[in-house]
Amino acid sequence: GMAERERLLGWEGGTKTDGERVGSIWRSFVMVAGLGALLTAYGQMYGLGARASISIHASRSAAEFDSLHSGPGGLAAVGGLQPGQTDLPLGALQTSPLSAPAPAANRTRKPFAVAERFQSVGKLQVYHGGNLEQPGELERAVAMRAYNGELVLTYANEAGTAWAANLIFSLRGIGIDHTMVIVMSKEHCDAMATSRHQISCGWATWDMEGCKADDGPVAKWAFIERLWFIRHHYLARLIRLNVNVMALDGDMILHGDPYAVLHSAAMGRHNMVITSDGAFTASEVNNGFLYLRNCTAGGQVERVLREVIYREMDVCRGGDRVFGANGSFWQPLDAAGITAGPHHIAFTGARDQKYYQDVLASAFCARKVIMRMPFSSHKVLDGRRFEELLAGTDIRDCVRFRNPPSSSQLLRAAQEGGPQPTPPWHELSLPLSRAGRGSVLPDRDGAALPGAPPLARETIALLTAPALSTWHGTATGEIAGWSGHWIKSPPMITHFVGCLSKAEAMQSLGWWFYEADDTSADVAARVRGSAPMGAILPSLLPLVRGPGKRLLALDGPQLHAPMHGKRAFLEWQLPQRARLAVLAGQLGRAAVEPAVDCRAKWIPRFPKDHLGIRQTPGWPWPFDNGVGVLMGPCAARRPEGHPEGLCCHPVFGPKIHNNWFPARVPTVHQRVLEAAADEVGPGTARALAAGDSDAHILRIPASALLDAQDQLDVGKARTRIAEADAAAGHATAIVVLVLDAQVPQLPVIAAVDRAAVCRVLREGCRVYYGDFPRNHPPPDDPQ
């Protein structure tokens, strides 16, 4: 009971020193949590019924985005509150005047645009921010970027520029531009704000006490900690500026109006909205989506946000002397036979989310709970006493949200397009720590500091399916992204958490905005040492975006043959990619990755998935033998008997990249080809889909380019392209090599030596020559 807890955790009343208080920290999280998530996944309904089909938006051109900002055809002016409406905060900050003319009101609203009072595209100035830690700078940012009392926030470092930008373009596509990206450096913000698509941003010198690179327990993860925790710092500050804030991870896409749900009668009374990764409990929340509304300064929501940061600060300050081998935290627990070593601090993913889970569990149970965040390694020898000491015997009951909808209610809402079910919710009652801030000693009695003023009542609710679903789909009632049903019935918000190939999955679905790669390239050009991680390699960007498009693709019956063996597919597909990449480099073009026939029998099947096709990478990981497919709608001509309007795009796991073909070979997704054709013009897009030529598409039989040794002659290819350029009076944007019965597979290229091939393909150059690994994956079964 209390006496044992106080004795073992080193607290016997009175005031503790900072070091002693840090020494009283911990939490548990055994690998049972990962197993629990896996079992939850297996228990979900994978194939959920689809609502009426919707059109999938493609990437927009820069001109289209410019038209959304200003000039004729801009989105309609935002309306104010209607009489009787009280769901927006009173005294909302006034927005800044436009630097460009106000948009006209005659634009046809997009099918899933936000309500008119939240349509802010073209109505706000770009915020080229300063240091948000400087006095008055955060207030200036809110004054310039909030709209009708609302602000949308995301965050990024240089490597994540494309992800943040893709989210911003997704929001602009539905009419939301009251956004701001928080970045880590002035140079990064300068580059984003002045990039060709002008993304509003602020930067900050904020860092967590004790967690900086020079004094954190593990220096190499310090920059990640700062990235993860900086948003919580600013969310807590924004509460005091009377603005509602939606904070989103960069791997999200919005397809509809989030405010329609967030300001509904059922959801509108709650101060904090979050999502779940599993069951409807505080210990399984996912903080990739957060919405804060009408929160009280210094109240429960702000206390939750600050406690998340304080707990990580405690870990950083404690370091090995507390949590390492013979650390002061583990000594009494090991001596009592509750735990055992080895104890060492190790990096853990989603650290801030695990803190959220513990802090919200504390707020639900009205006492300090330490259950999910593994500060350092350990073995649990007595699970009952371990849980009782750090969380309490009733922990499984007190962390549950109230009023949880059933799976059938959520599925019915998804299938029938009905109203969002009443959200699960809970009151927040996070006690003040005895040390005044961030103490991780479990307060089983829930006592607050003497004289602490009573706090206003604040509540939290879950945003559930069908409004939001994740790729791994582990929360109750979700439509898992990997089930394929997002193709026909995407949730209002799609979160790609759990997807191993996020850019590829978004591209396959047509949800990646290639303007994000423009922005990433602009940042890379100006921020020394940055390494952008978008959908397109920076070296290929000039060849696929803008007026200088030069792409090289494959087509023909052999390309669409449904190869039934996985090994046979790899031995055909990967040499095609390798040889096409080398040929494209010789011709000054970008190689387009070949697609795969969706009927191939090596693709896993599951009857409840979309068209029975098991999309991979899915869940569980790793996907079978490291090769699978991602699906998406497409306009390309498909062979007879193939599912109409569906394309399958191969994706490869670490084993294939390690043994066969490296990641980041200079090729682009087939969606890049479609986006390029759309940008050239509708006629070119139709010709590409139909397998025809036009003034911008040159189709060449591969057999016409062979030399006497049946190798590809680059000179012949250059001659054919030059003749087409001269006849059209302009450079040919798209060249398609057609494989036929005479040339069913792209051969090697004449007069290109092995050294040149290996410079392009690195360790994958052996696949170019047909030299394949022997044992992985194993040979196909003869049957």
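Residues numbered from 1 in each chain as written. Predicted model: local features only at pLDDT ≥ 70, side-chain atom pairs only at ≥ 80, totals over all residues. Heavy atoms only, no water.

Q: How would you summarise the state of the cysteines if you had to cite specific residues and measurements?
A: Within this structure, the stated rule accounts for five disulfides. Put simply, Cys598 and Cys648 are joined by a disulfide, and their sulfur atoms are 2.1 Å apart. What sets the handedness of the Cys598 and Cys648 disulfide is the S-S torsion sign, and at about 120° it is right-handed. With Cys598 in the loop between β16 (590-592) and β17 (627-633) and Cys648 in strand β18 (residues 646-652), the pair connects residues that are 50 residues apart, well separated along the chain. Bridging Cys634 to Cys647, the disulfide has an S-S length of 2.0 Å. (Disulfide = S-S within 2.5 Å. Helix = DSSP H or I, 4+ residues; strand = E, 2+ residues; numbered from the N terminus.)

Q: A description of the pattern of salt bridges should follow, citing residues and the corresponding values.
A: Counted by the stated rule, this structure contains 30 salt bridges. Salt bridges sharing common partners tie together Arg196, Glu515, Asp518, Asp522, Arg545, Lys549 and Glu679. (Salt bridge = Lys/Arg side-chain N within 4 Å of Asp/Glu carboxyl O.)

Q: So what about the sheet that holds β16? Which residues, and what values?
A: Strand pairs in the sheet, formed through backbone hydrogen bonds, run parallel or antiparallel to each other. Pairing is parallel in the open sheet, where five strands are placed in the order β19-β16-β15-β21-β20. A single partner strand is all that each edge strand has here, and the edge strands are β19 (667-668) and β20 (697-701). Helix α23 (residues 714-728) rests against β20 and β21 (734-738) of the sheet, and its axis sits at about 145° to β20. (Pairing = 2+ DSSP bridges. Contact = heavy atoms within 4.5 Å. Axes fitted to C-alpha atoms, helices over the stretch in contact; angles between N-to-C directions.)

Q: Explain empty space enclosed by the protein to me, and be specific about the residues and the numbers.
A: Under the defined criterion, the tally for this structure stands at three cavities of 30 Å³ or more. Each pocket or cavity is described by its volume, and for the largest cavity that value is around 60 Å³. Lining the largest cavity, in full, are Gln558, Leu559, Ala561, Pro562, Met563, Phe569, Trp572, Gln573, Ala595, Val596, Asp597 and Ala600. Residue classes in the lining of the largest cavity are distributed as nine nonpolar, two polar and one charged. Its boundaries defined by the atoms lining it, the second largest cavity holds a volume of some 50 Å³. Lining of the second largest cavity is provided by Thr275, Ser276, Phe280, Leu462, Leu463, Thr464, Ala465, Leu468, Ala475 and Glu478. Looking at the lining of the second largest cavity residue by residue, the classes come out as six nonpolar, three polar and one charged. (1 Å grid on protein atoms, 1.4 Å probe; cavity = no way out; pocket = protein on both sides within 12 Å on 5 of 7 lines; lining within 4 Å. Points joined across faces, edges and corners; volume = space filled by probe spheres on them. Nonpolar A, V, L, I, M, F, W, Y, C, P; charged D, E, K, R; others polar.)

Q: Which residues make up the layout of surface pockets, and what are the values?
A: In this structure, the second largest pocket spans a volume of roughly 560 Å³. Along the wall of the second largest pocket there are 35 residues; nearest its centre are Ala635, Ala636, Gln670, Glu674 and Leu688. Residue assignment for the lining of the second largest pocket shows that the elements contributing at least two residues are β15 (551-555), α21 (670-680) and α22 (682-690). If you tally residues by element for the lining of the second largest pocket, the top one is α21, at seven residues. The residue inventory of the lining of the second largest pocket, partitioned by class, reads 21 nonpolar, six polar and eight charged.

Q: Which residues make up the pairing of β20, and what are the values?
A: The buried count for β20 comes to four of five residues, which makes it a mostly enclosed element. Of the pairings in the sheet, the one linking β20 to β21 comprises five bridges and is parallel in character. Note on β21: the bridge partner recorded for Leu698 is Val735. (Buried < 20%, exposed > 50% of the residue type's maximum accessible area, 1.4 Å probe, protein only.)

Q: Can you break down the packing of aromatic side chains residue by residue, with the values?
A: One pass over the full model with this rule turns up 13 aromatic pairs. Here Phe329 and Trp330 contribute two aromatic rings whose centre-to-centre distance is 4.9 Å and whose plane-to-plane angle is 80°, an arrangement assigned as edge-to-face. Judged by its relative accessible area of 0%, Trp330 falls in the buried class. Each ring, one from Trp660 and one from Phe772, has its centre 5.4 Å from the other, and the planes form 25°; the classification is stacked. One end of the pair, Trp660, is in the loop between α20 (654-659) and β19; the other, Phe772, is in the segment after α25 (765-768), and 112 residues separate them in sequence. In this structure, Trp660 and Phe772 share a single accessibility class: buried. Through a chain of ring-to-ring contacts, the aromatic side chains of Trp471, Trp486, Phe496 and Trp511 assemble into a single cluster. Above the face of the Trp425 ring, Arg269 is positioned so that its terminal group lies 5.4 Å from the ring centre. In this structure, Arg614 packs its charged tip against the face of Phe606, placed 4.6 Å from the ring centre. (Phe/Tyr/Trp six-rings, centres within 6.5 Å; stacked < 30°, edge-to-face > 60°. Lys NZ or Arg CZ within 6 Å of the ring centre and 35° of its normal.)

Q: Tell me what's going on with the sheet that holds strand β13 (residues 468-470), and back it up with residues and numbers.
A: Across the sheet, which stays open at both edges, the three strands sit in the order β6-β14-β13 with mixed pairing between neighbours. Each of the sheet's edge strands pairs with one partner strand only, and the pair in question is β6 (252-254) and β13. Averaged over all adjacent pairs, the angle separating strand axes in this sheet is 15°, with direction ignored. Where β13 lies against strand β14 (residues 493-495), three bridges are found, and the strand directions are parallel. When the sheet's bridge partners are listed, Leu468 is paired in β14 with Ile493.

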